[in-house]
There are 2 protein chains.
Amino acid sequence: MARINDNYLKLKAGYLFPEIGRRVKAFAQEHPEAKIIRLGIGDVTQPLPPAVLEAFHAAVDDLGRKETFHGYGPEQGYPFLIETLIEKVYKPLGVTLNGGEIFISDGAKCDTANILDILALDNRVALGDPVYPVYNDTNVMIGRSGEADEKGYYQGLIYMPCLEENGFLPDLPSERADIIYLCFPNNPTGAVASREVLKKWVDFALQTDALLFFDAAYEAYITDPAIPHSIYEIPGAEHCALEFRSFSKTAGFTGVRCAFTVIPDGVMARTAKGEKIPLNKLWNRRQSTKFNGVSYPVQRAAAAVYSPEGWKQTREIIAYYMENARIIRSGLGKAGFTVYGGVNAPYLWMKTPANLSSWEFFDKLLAGCHVVGTPGSGFGPSGEGFFRLSAFGDRADAEEAVSRIIKYNKW
Amino acid sequence: MARINDNYLKLKAGYLFPEIGRRVKAFAQEHPEAKIIRLGIGDVTQPLPPAVLEAFHAAVDDLGRKETFHGYGPEQGYPFLIETLIEKVYKPLGVTLNGGEIFISDGAKCDTANILDILALDNRVALGDPVYPVYNDTNVMIGRSGEADEKGYYQGLIYMPCLEENGFLPDLPSERADIIYLCFPNNPTGAVASREVLKKWVDFALQTDALLFFDAAYEAYITDPAIPHSIYEIPGAEHCALEFRSFSKTAGFTGVRCAFTVIPDGVMARTAKGEKIPLNKLWNRRQSTKFNGVSYPVQRAAAAVYSPEGWKQTREIIAYYMENARIIRSGLGKAGFTVYGGVNAPYLWMKTPANLSSWEFFDKLLAGCHVVGTPGSGFGPSGEGFFRLSAFGDRADAEEAVSRIIKYNKW
């Protein structure tokens with residue numbers, strides 16, 4: 001009988017979002033009259049910008065005419081989209097990339113997971129705590145860890161605590177790390193990294209020969225001009241960093257599916273024999289063999305995000321969400337809660353009141369205010385005592401939720 | 001410095017299609033007047049059916065209105081598409097599936113590659129020769145083989161020759177195999193499997209506790225009612241077989257990207273400790289963690305393939321391609337060439353004349369007839385002396401190519 005990949009059995013069963021769903025469903029069944037507001041969700045809610053819809057429709061029409069039909073596209077993505085990204089996303093930041101350094105995909109989740117295919121199992125991996133669970137779980141699944149301990153830390157992975165004490169910015173790892181995951185603006189904490197902070201990481205990576213995985217899925221929410229949007233704004237990053245980007249939160253593409261990964265030609269890794277190989281070539285081989293490119297109309301829609309009209313409309317939607325963030329942050333702050341994030345980031349990281357655990361607060365918030373959020377402990381042990389709120393909902397819901405939380409006083 | 005996955009270095013460099021592209025380009029530059037016809041390409045050329053376009057547009061419009069906006073969908077696919085497949089694809093075949101047994105994806109290439117994630121490296125894998133290169137290369141990349149020998153066979157993989165002598169239907173492997181790849185209608189040979197042939201494989205898999213990977217990407221080209229479209233038409237397959245399906249060739253979705261994989265609840269594999277685990281659960285965990293579902297409008301477009309209008313239009317396009325296949329097969333056959341496939345399958349497998357090697361014939365066909373095909377040896381050593389032609393082009397091109405090949409007599 002075929003044998004399974006036993007590493008999957010190391011994964012702990014109860015995943016965060018199904019458990020939230022279960023508790024909300026149970027509450028709603030007992031209290032059918034309750035108007036539940038979801039403030040925890042990491043999904044966008046506003047419709048696509050009109051300019052994006054227009055390009056999407058036009059590309060669907062292309063598929064209906066023989067002369068403009070598109071079959072298999074390049075596995076790496078269409079040049080029209082790649083060139084758009086080089087010109088509209090990177091050039092304004094002072095970053096020069098060539099077309100072969102950008103790979104279009106259907107999701108940053110897929111890319112941050114699949115990138116592990118091209119790297120040996122004996123690399124030592126460092127990641128934040130709390131963290132986007134995909135970084136952790138995909139390393140476990142591929143066999144780069146031992147079992148989890150009682151806290152939820154997997155043997156062999158290096159966890160970098162992101163705490164109130166360090167401003168949710170992890171310290172440099174004290175153990176040797178070959179691969180280091182960074183995510184700024186951060187999910188779940190909403191922390192952002194200044195140029196100095198990023199420079200510290202790039203310098204460290206260059207000095208220790210480490211590889212940085214830089215997840216910039218939320219960079220569109222940065223409004224402070226001093227904060228870098230790309231790791232490549234830091235000199236030297238083109239020799240040590242991959243960057244993961246997505247249209248999901250930038251332009252409401254969570255249901256449309258488009259993202260991209262940057263692998264500069266100068267980023268090398270070594271073979272067992274010690275030879276240096278560009279990771280770009282390996283990823284190209286991986287994608288050519290295991291992927292068939294992103295839907296043509298989706299790539300056309302994605303390119304339209306960066307048309308003058310498309311970008312204006314996209315910025316308006318982001319501003320709408322960021323006003324939600326401001327309302328939640330300032331409302332809860334005035335009421336005496338401690339809230340981090342929500343500035344240059346769509347996530348707010350709220351300290352639970354009265355020393356409640358993350359799940360205790362979840363239950364009280366649901367029962368007392370009919371508001372749903374995401375327990376911080378679900379993102380890792382160091383998330384205990386925190387709670388993630390998101391700015392991706394409706395204005396009225398954000399206002400109403402804040403008002404309910406402020407009124408409720410039985411924490 | 002981070003270490004690469006050294007298994008990638010085992011892959012032989014010169015991949016088939018880039019080499020074809022290189023030779024065609026060189027010829028075209030020397031002979032700019034030549035009207036080159038591409039008969040080798042495995043990509044569709046006819047536009048999407050109108051009913052599919054209509055549903056595609058309507059779903060794009062959904063994304064433009066707040067009330068009908070769709071963000072993240074289920075990683076496993078939307079129930080509306082899964083239910084359509086259960087009712088329209090499988091029920092007419094007498095096959096009963098439940099919604100949890102079908103996983104929607106963006107490509108059968110991705111699925112046949114990614115499925116290896118959930119299986120241990122020490123499984124023994126058997127695959128056809130010639131074969132769709134993805135089966136072979138993904139096993140090499142994940143580390144299930146040794147180096148390639150001078151012929152191109154990788155150590156540790158079991159190759160099952162598909163030859164003229166066995167009607168291109170592989171014999172049962174004589175060595176123990178834990179995982180067996182089957183593809184019918186076959187790419188590249190165009191061979192199809194009768195109910196008896198499939199029953200032989202299912203019975204063998206059940207007897208030897210092997211797992212079948214059944215790739216049915218070309219089943220829509222079966223016109224003979226006696227030939228099964230699904231492995232699940234064979235009793236017992238629900239305990240030993242996964243099935244890979246795609247909209248690419250069925251409905252012209254090569255540029256749209258939609259496919260699905262069936263993992264019946266009854267298909268088990270064992271852990272290192274000997275416990276039996278349903279593969280369905282593991283794949284669900286893999287997809288939930290490493291994938292974010294298929295684009296919502298794409299899934300709506302895919303579902304429309306099976307509307308009454310959509311299916312009628314889709315069948316017309318398939319009939320168009322199959323008439324191309326008939327023209328090529330009968331034209332070349334009358335002229336004395338030996339041609340297999342092209343009946344119940346969109347691929348034709350032509351024996352090269354005058355004992356030419358596959359590449360020798362490629363060069364002569366290009367230089368003498370300005371026709372491009374795919375050298376059979378590119379699909380594996382047993383493809384040597386054969387040549388793949390496809391039915392996916394235009395009628396006029398198929399007719400013209402056949403006429404040129406017949407006229408040319410310097411083989």
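Some points on the environment of Asp203(B)
Residue and element names in this part refer to chain B.
Item 1. You can see Asp203 is positioned in helix α6 (residues 195-208).
Item 2. By the C-beta count within 10 Å, which is 15 here, Asp203 ends up partly exposed.
Item 3. Each C-alpha atom of the pair Asp203 and Ile234 lies 9.3 Å from the other, and the pair is 31 residues apart in sequence.

What about unusual backbone geometry?
Item 1. For the bond from Asp129(A) to Pro130(A), the omega torsion is 5°, close enough to zero to count as cis.
Item 2. By the secondary structure assignment, Pro130(A) is in the loop between β3 (125-129) and α5 (133-142).
Item 3. Pro185(B) follows Phe184(B) through a cis peptide bond whose omega is -10°.
Item 4. On the secondary structure map, Pro185(B) appears in the loop between β5 (179-183) and α6.

Brief notes about the relation of the copies chain B and chain A
Item 1. Superposing chain B onto chain A takes a rotation of 180° combined with a translation of 0.0 Å along the rotation axis, leaving an RMSD of 0.0 Å. Both chain copies can therefore be described as sitting about a two-fold axis. Using C-alpha coordinates, one finds that chain B approaches the rotation axis most closely at His57(B), a distance of 3.1 Å.

Description of the domain arrangement of chain A
Residues and elements named next belong to chain A.
Item 1. According to the domain assignment, chain A consists of domain 1 (6-47 + 310-407) and domain 2 (52-308).
Item 2. Measuring from the centre of the C-alpha atoms in domain 1 to the corresponding centre in domain 2 gives 25 Å.
Item 3. In this assembly, 32 residues from domain 1 lie in contact with 46 residues from domain 2.
Item 4. Of all the secondary structure elements, the ones that give two or more residues to the side of domain 1 that touches domain 2 are α10 (308-334), β11 (339-341) and β12 (347-351).
Item 5. With 7 residues, α10 is the single largest residue contributor to the side of domain 1 that touches domain 2.
Item 6. Tallied by class, residues from the side of domain 1 that touches domain 2 come to 16 nonpolar, 11 polar and 5 charged.

Observations regarding the interface of chain B and chain A
Item 1. The interface of chain B with chain A comprises 67 residues on the first partner and 67 residues on the second.
Item 2. Those elements giving two or more residues to the side of chain B that touches chain A turn out to be α2 (50-62), α4 (108-114), α5 (133-142), β9 (268-270), α8 (279-290) and α9 (296-304) of chain B.
Item 3. Along the lines of polarity and charge, the residues of the side of chain B that touches chain A split into 33 nonpolar, 18 polar and 16 charged.

As for the sheet that holds strand β11 (residues 339-341) of chain B
Residue and element names in this part refer to chain B.
Item 1. One open sheet accounts for 4 strands, arranged β11-β12-β15-β14; its pairing is antiparallel. Because the sheet does not close on itself, it has two edges, and the strands there are β11 and β14 (374-375).
Item 2. Relative to strand β15 (residues 386-390), β14 runs antiparallel, the two sharing 2 bridges. Note on β15: the bridge partner recorded for Pro375 is Phe387.
Item 3. Packing against the sheet, helix α10 (residues 308-334) makes contact with β11, β12 (347-351) and β15, and its axis sits at approximately 15° to β12.

Description of α2(B)
Item 1. Taking 1.5 Å of rise per residue, 13 residues should cover 18 Å, and α2(B) covers 18 Å from first to last C-alpha, within 8% of that figure.
Item 2. What α2(B) keeps buried is the set Ala51(B), Val52(B), Leu53(B), Ala55(B), Phe56(B), Ala59(B) and Val60(B).
Item 3. Elements in contact with the buried residues of α2(B): α2 (50-62) of chain A together with α7 (248-251), α9 and α10 of chain B.

Regarding the nonpolar core
Item 1. Ranked by internal contacts, the top residues of the largest apolar core, which has 271 residues, are Val52(A), Leu212(A), Ala241(A), Val52(B), Leu212(B) and Ala241(B).
Item 2. Once you skip the residues sitting within four places of it in the chain, Ala241(A) turns out to touch Val202(A), Ala205(A), Leu212(A), Phe214(A), Ile231(A) and Val267(A).

Things to note about the confidence of the model for chain A
Item 1. Confidence in the prediction of chain A, expressed as mean pLDDT, is 97, and 100% of residues score 70 or more.
Item 2. Overall fold confidence for the complex sits at a pTM of 0.97, while the interface term, ipTM, reaches 0.97.

Considerations on the packing of helix α3 (residues 79-90) of chain A against helix α9 (residues 296-304) of chain A
Residue and element names in this part refer to chain A.
Item 1. One way to put it is that α3 packs onto α9 with a least axis distance of 9 Å and a crossing angle of 20°. In terms of axis orientation, α3 runs roughly parallel to α9. Note that α3 runs across α9; the crossing there is left-handed. Where α3 abuts α9, its residues Phe80, Leu81 and Thr84 lie against Gln299, Ala302 and Ala303.
Item 2. Each residue belonging to the contact of α3 with α9 can be placed in one class, and the counts come to 4 nonpolar, 2 polar and no charged.

A short note on the pairing of strand β8 (residues 259-262) of chain A
Residues and elements named next belong to chain A.
Item 1. Side chains of β8 alternate between two faces, with Ala259 and Thr261 and Phe260 and Val262 buried alike.
Item 2. Looking at chain direction, strand β7 (residues 241-246) and β8 are connected through 4 bridges and run antiparallel. Looking across to β8, one finds that Ser246 is bridged to Ala259.

Description of the sheet that holds strand β4 (residues 158-161) of chain A
Residues and elements named next belong to chain A.
Item 1. Pairing within the open sheet is mixed, and its 7 strands lie in the order β2-β8-β7-β6-β5-β3-β4. Since the sheet does not close on itself, it has two edges, and those belong to β2 (102-105) and β4, each with one partner. Sheet twist, expressed as the average angle between the axes of neighbouring strands with direction ignored, equals 20°.
Item 2. Its contacts with the sheet place α3 against β2 and β8, and it is angled at close to 120° to β2.

Parameters at a glance
Residues numbered from 1 in each chain as written. Chains lettered and ligands numbered in written order. Predicted model: local features only at pLDDT ≥ 70, side-chain atom pairs only at ≥ 80, totals over all residues. Helix = DSSP H or I, 4+ residues; strand = E, 2+ residues; numbered from the N terminus. Buried ≥ 20, exposed ≤ 12 C-beta atoms within 10 Å, placed from the backbone. Least-squares fit on C-alpha atoms with pLDDT ≥ 70 in both. Domains from an automatic or database assignment. Contact = placed C-beta atoms within 7 Å. Nonpolar A, V, L, I, M, F, W, Y, C, P; charged D, E, K, R; others polar. Pairing = 2+ DSSP bridges. Axes fitted to C-alpha atoms, helices over the stretch in contact; angles between N-to-C directions. Expected span 1.5 Å × (residues − 1). Core = buried A, V, L, I, M, F, W, Y, C linked by C-beta atoms within 7 Å. pLDDT = per-residue confidence, 0-100. Parallel < 35°, antiparallel > 145°, perpendicular 65-115°, else oblique. Left-handed = near helix turned anticlockwise from the far one by under 90°.

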